[in-house]
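Report on the structure
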Amino acid sequence: MDLHRVIDAGFSGVISVRQAGTRVFEGAYGCADIANKVPNTLATKFATASAGKVFVATAVLGLIETGRLGFDSRLGDIVRFDLRQIDPDITVRQLLNHTSGIPDYFDETVMQDYEALWRDFPNYRIRSSADLIPLFIDKPMMYPRGKKFQYNNTGYVVLGLILEELAGLPFDVYLRQTIFDPCGMDDTGYYELDRLPAGCALSYIFDADGRWRTNIYSVDAKGSGAGGAFTTAGDVETFWDALLGGRLIGPALVRQMTAPQVKEGRYGYGLWLLDGGIPSFQGCDPGVNFMTSYDPEKKRSVTILSNVDYDAQTLHGKILAEINA
């Protein structure tokens, strides 16, 4: 297995392949800080964009398991802000599986450039899930609740707000207390871009003229329920072990989370399902690319974290093809 030959010179980040609890491949490439020539290492913390949805989904399922929330709990009965045109009968299940129809502040079917959101609304104002409410609250429903599956970032922002309402804590503090700390994920958290702790990679966008710039003006200043966690390859692998081992939620809910919850068959709760039903989670923002999967049959995880614009999904496919060759 020679994975180096499928990793081209444009990649910057970390790749880890683990099988039956043992890393069979690991590699760190490029720089966490280009200007100061600080190399990426296996311990580097990377932004992961929408990958954070899996943490929110896990926490919500934990509340369902303890009876503090239900799959059929109504949005209008939980949150306190004025929903305006948003259907108050949207359920937690519909938010989890992207069938709610709630207006999406970043509708990926009509917008491709996340950076464009901040032309009229300063990104430095986004430091909590509630800070995103002005970006969607005056929009109409996208479609009647439950009518179809359409990936929706607002749905997970609202799930983060539900966590805050029920826990009485910022959602990221609640995730720290219920997921990250119990798992020993010491290098995972939601950080403000202008207050990054030590060991974080800066994320880079390469312009058409070949020059680079960081993404500090291109994404939320701090992550929300929709994503934005920083993490390491080791912490991702730790999370897979804890989740699939039933240490975060019970086996019955793990089975639901990792099984198709929409008729299209490609999404569970917070997890995408690859060919063969292999669970994965992934994220992409300007300068951020992440993907991880876990094959339960082969007990194998493949994790890619990148701090440049790079097609992690295609690289993931190449790595699997090389491993299976």
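Up top is the structure.
Residues numbered from 1 in each chain as written. Predicted model: local features only at pLDDT ≥ 70, side-chain atom pairs only at ≥ 80, totals over all residues. Heavy atoms only, no water.

Describing the overall build of the protein chain
Per the secondary structure count, the protein chain includes seven helices and 12 strands. Computed over the C-alpha atoms, the radius of gyration of the protein chain is 19 Å, within 12% of the 20 Å expected from 2.2 N^0.38 for a compact globule of 325 residues. Looking at the 325 residues of the protein chain, the share that counts as buried comes to 56%. Long-range pairs, those at least 24 residues apart, make up 65% of the contacts in the protein chain between residues at least 6 apart in sequence. Seen as two clouds, the 31 positive and the 40 negative side-chain charges of the protein chain have centres 2 Å apart. (Helix = DSSP H or I, 4+ residues; strand = E, 2+ residues; numbered from the N terminus. Rg over C-alpha atoms; globule rule 2.2 N^0.38 Å. Buried < 20%, exposed > 50% of the residue type's maximum accessible area, 1.4 Å probe, protein only. Contact = heavy atoms within 4.5 Å. Lys, Arg positive; Asp, Glu negative; His and termini not counted. Charge placed at Lys NZ, Arg CZ, Asp CG, Glu CD.)

Remarks on the pattern of salt bridges
Under the counting rule described, the total for this entry stands at 20 salt bridges. Two residues, Arg74 and Asp89, come together in a salt bridge whose shortest N-O distance is 2.5 Å. One end of the pair, Arg74, is in the loop between α1 (53–65) and α2 (92–96); the other, Asp89, is in the loop between α1 and α2, and 15 residues separate them in sequence. Across the salt bridge formed by Asp181 and Arg176, the nearest N and O atoms sit 3.1 Å from each other. Exposure remark for Asp181: the relative accessible area of 42% places this residue in the partly exposed category. Residues joined by salt bridges that share partners form a network here, namely Arg127, Glu192, Asp194 and Arg195. (Salt bridge = Lys/Arg side-chain N within 4 Å of Asp/Glu carboxyl O.)

Examining the environment of Leu161
Within the element layout of this structure, Leu161 appears in helix α3 (residues 153–167). Spatially, the C-alpha atom of Leu161 lies 11 Å from that of Tyr174, the residues being 13 residues apart in sequence. With residues up to four places along the chain from it excluded, the contact list for Leu161 reads Phe81, Ser129, Ala130 and Ile133.

Overview of the packing of α1 against helix α4 (residues 171–183)
Their axes nearest at 10 Å, the elements α1 and α4 cross at an angle of 75 degrees. Comparing their axes, α4 and α1 come out roughly perpendicular. Note on element contacts: α4 touches α1 through Phe171, Tyr174, Leu175, Ile179 and Phe180, opposite Phe55, Val56, Thr58, Ala59 and Leu63. Class assignment for the residues of the contact of α1 with α4 results in nine nonpolar, one polar and no charged. (Axes fitted to C-alpha atoms, helices over the stretch in contact; angles between N-to-C directions. Parallel < 35°, antiparallel > 145°, perpendicular 65-115°, else oblique. Nonpolar A, V, L, I, M, F, W, Y, C, P; charged D, E, K, R; others polar.)

A short note on the pairing of strand β11 (residues 288–295)
For β11, the tally of buried residues reaches eight of eight residues, placing the bulk of the element in the interior. Where burial is concerned, the two faces of β11 agree: the one with Val288, Phe290, Thr292 and Tyr294 and the one with Asn289, Met291, Ser293 and Asp295 are both buried. One ladder, built from six bridges, connects strand β10 (residues 279–285) with β11; its direction is antiparallel. Bridge pairing in β11 links Gly283 to Phe290. Between β10 and β11, which follow one another and run antiparallel, lie two residues, and Gly287 among them has a positive phi close to 80 degrees. (Pairing = 2+ DSSP bridges.)

Considering the sheet that holds strand β2 (residues 22–29)
With antiparallel pairing, the six strands of this open sheet are ordered in space as β2-β1-β12-β11-β10-β9. Two strands lie at the open edges of the sheet, namely β2 and β9 (272–273), each paired on one side alone. One ladder, built from seven bridges, connects β11 with strand β12 (residues 300–306); its direction is antiparallel. Bridge pairing in β12 links Thr292 to Thr303. Each of β1 (13–19), β10, β11 and β12 is contacted by helix α7 (residues 312–324), which is oriented at about 145 degrees to β12, the strand it contacts most.

Quick notes on the side chain of Asp220
If you trace the backbone, Asp220 turns up in the loop between β7 (212–214) and β8 (230–231). No salt bridge is formed by the buried Asp220; the nearest opposite charge belongs to Lys53, separated by 9.7 Å. The contacts of Asp220, once residues within four sequence positions are left out, are Tyr114, Trp118, Asn123, Ile126, Leu132 and Leu193.

As far as function goes, none of this settles anything; it's purely spatial.
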